[in-house]
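Secondary and tertiary structure notes
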Amino acid sequence: MRIYIKTYGCQMNERDSEALAGMLAARGHQLTAAEEEADVLLFNTCSVREQAERKAVGKVGFMKKLKQRNPDLLIGILGCMAQRRGEELFHELPHLDFVLGTGQLHTLPDLLEQLAEERKRIVEVAESSAVLTGMGCHYLTPGSCTAQIAITRGCNRFCAYCIVPYVRGREISRDHDDVVREARELAEAGIREILLLGQNVAAYGLGGNINPPPPGVSPFADLLEELAKIDGIRRIRFTSPYVSYFNDRLIRAIAATPKVCRNIHLPLQSGSNRILRAMNRQYTAESYLETVEKLQAAMPEITFSTDVIVGFPGEEESDFNATRELMERVGFDNAFIFKYSPRPGTRAAALDDQVPQSVKEERNQLLLADLAARTHRHLRALVGTEQAVLVEGVSKRMQERWSGRTDGNRTVHFLPIDGLKAGDVVPVRILRAGNVSLFGEIVRSEQN
Ligand code: 5AD
Ligand code: SF4
């Protein structure tokens, strides 16, 4: 069968879709980027904000015309919205064939075979840990040097705004050796950079305990050290860790492992202690800053990116200003700023002091402007420096140039040299800063 997959939402969803593509290809199916050509249309959905759900429902609704033209077409909704809404989706989208939740994704290839034999509506939304071992497959783009590995699934934290614990279920960790084996296989397939994924990667191997571990304990640190021993792997990134899990063991392990990139995505959500408490986040602005400072002391070159929510219920001007100040103080290199979106069934959705949309909009704009100014400042500061760049290939925007990323996750464009290939790490002198990326030239040496 020819299969089209569209993915909404976070990197975890991107990874799930990639694993599904790998499993389907292994069964002899073909992946296609053209929905009109497909025999099966799959929509891997996100529920984290209302807008993401609305987009997916709109898109699947639009597919009705393809189904009218080709009644054999199979249409399935997968992932978080499938889990959250289940059977109910058939009422809104009568041309839908199946709904497959987050715990059942690994059953997709069998389910498609079953549907090819006998047409019927199917809803599978049971929670299952089999998904943990069943989703290790990859579908690598030729020439690509980066791959993602999911090390945990689900979340136990129940932040007051967040739907994830409801739609992705309880937090479970992959087996240490299983992850290492997957990374080894990827390295043998030419992968040079791995991105470890999980709702809270730093809770890896702690058995779902929501209390951060004692100072000397961090199974996540053990995993990083083991992965760094794999020869072909040059860089290791991870997203996202919860700040309270950065104990001395983890900080020391990162500092002593140069392959772990010195750019950490550390979700802040708010800089106001009152709001952090209401969000059920287990840290304060002060303890967040303390961890940042410990990381900076251990690795002076470290940079941070973050997630922030504006307009959480009850957020006053003073709370927002505390967020703004803390963001400036940490000097985040990048930030994903979200307008709070009430999610059914979460604690915050029931609060009555919801912030008006116009105020969320205004706060969002202010943080975006701060960020743009900061990004520009940071990029300019890199002009004249020499950066180790992991080469990704021909630049998407400029065919004559190639691009790659610095250890700090900045994109750099440069002219290629003979024999250069994706996956190489080359020294690049930064010549100029654009709005979001850098321009440079490869420093020629004996080796290159
Ligand atoms: N509204 C807005 N943003 C949200 N996030 C999670 N839930 C919500 C919500 N209800 C944001 C958080 C999280 C990121 C992935 O999405 O900042 O870190
Ligand atoms: Fe959601 Fe909080 Fe879990 Fe992140 S840690 S997925 S924000 S509940």
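Below or above, wherever it landed, is the structure these notes cover. Since this is a predicted model, take the numbers as computed values, not measurements. (Residues numbered from 1 in each chain as written. Chains lettered and ligands numbered in written order. Predicted model: local features only at pLDDT ≥ 70, side-chain atom pairs only at ≥ 80, totals over all residues. Heavy atoms only, no water.)

Within the element layout of this structure, L438 appears in strand β19 (residues 438–442). Residue classification places L438 among the buried positions, given a relative accessible area of 0%. A C-alpha to C-alpha distance of 35 Å links L438 and V164, two positions 274 residues apart in sequence. Among residues more than four places away in sequence, those in contact with L438 are L379, L382, R410, T411, V412, H413, I430, R432 and A433. (Helix = DSSP H or I, 4+ residues; strand = E, 2+ residues; numbered from the N terminus. Buried < 20%, exposed > 50% of the residue type's maximum accessible area, 1.4 Å probe, protein only. Contact = heavy atoms within 4.5 Å.)

Of all hydrophobic cores here, the largest spans 59 residues; its most connected members are I194, L196, F220, L227 and F238. Of the residues forming this core, the biggest block, 6 residues, is contributed by helix α10 (residues 219–228). Contact partners of I194, with chain neighbours within four places excluded, come to A147, I149, A183, L186, L227, I233, R235, I236 and R237. Ranked by size, the runner-up nonpolar core spans 22 residues in total, among them Y4, Y8, A38 and M81. (Core = buried A, V, L, I, M, F, W, Y, C linked by side-chain atoms within 4.5 Å.)

Attention now moves to the site of ligand 1. Taken together, the residues surrounding ligand 1 are V48, R49, Y161, Q269, D307, I309, F338, K339, Y340, S341 and R343. Here a nitrogen atom of ligand 1 sits 3.0 Å away from a polar atom, N or O, in the main chain of Y161. A distance of 2.8 Å separates a nitrogen atom of ligand 1 from a polar backbone atom of S341. For ligand 1, whose unbound accessible area comes to 410 Å², protein coverage reaches 86%. Breaking the shell around ligand 1 down by element, the ones donating at least two residues are β13 (303–310) and β14 (334–339). Residue composition of the shell around ligand 1, by class: 5 nonpolar, 2 polar and 4 charged. (Near = heavy atom within 4 Å. Polar contact = N/O pair within 3.5 Å; in protein donor to acceptor, adjacent residues only side chain to side chain. Areas by Shrake-Rupley, 256 points an atom, 1.4 Å probe, with all protein chains shown as cover. Nonpolar A, V, L, I, M, F, W, Y, C, P; charged D, E, K, R; others polar.)

Here we come to the side chain of K67. With respect to the helices and strands, K67 occurs in helix α3 (residues 64–69). Judged by relative accessible area, K67 falls into the buried class, the value being 14%. A polar contact is formed between the side chain of K67 and the backbone oxygen of L73, at a distance of 2.9 Å. Excluding its chain neighbours within four sequence positions, the residues that come into contact with K67 are L73, I75, H95, D97 and R119.

Once that is clear, we can look at empty space enclosed by the protein. Applying the stated rule across the entire model yields 1 cavity of 30 Å³ or more. In terms of lining, the largest cavity is formed by R15, V131, L132, M135, A150, R153 and R174. Looking at the lining of the largest cavity residue by residue, the classes come out as 4 nonpolar, no polar and 3 charged. (1 Å grid on protein atoms, 1.4 Å probe; cavity = no way out; pocket = protein on both sides within 12 Å on 5 of 7 lines; lining within 4 Å. Points joined across faces, edges and corners; volume = space filled by probe spheres on them.)

Ordered in space as β2-β1-β3-β4-β5-β6, the 6 strands form an open sheet in which the pairing is parallel. The outermost strands of the open sheet, each flanked by one partner alone, are β2 (30–31) and β6 (122–124). Bridge analysis of strand β5 (residues 98–100) against β6 gives 3 bridges, and the strand direction is parallel. Bridge pairing in β6 links F98 to I122. Contacting β1 (2–7), β2, β3 (40–45) and β4 (74–79), helix α1 (residues 11–26) runs over the sheet at an angle of about 170 degrees to β1. (Pairing = 2+ DSSP bridges. Axes fitted to C-alpha atoms, helices over the stretch in contact; angles between N-to-C directions.)

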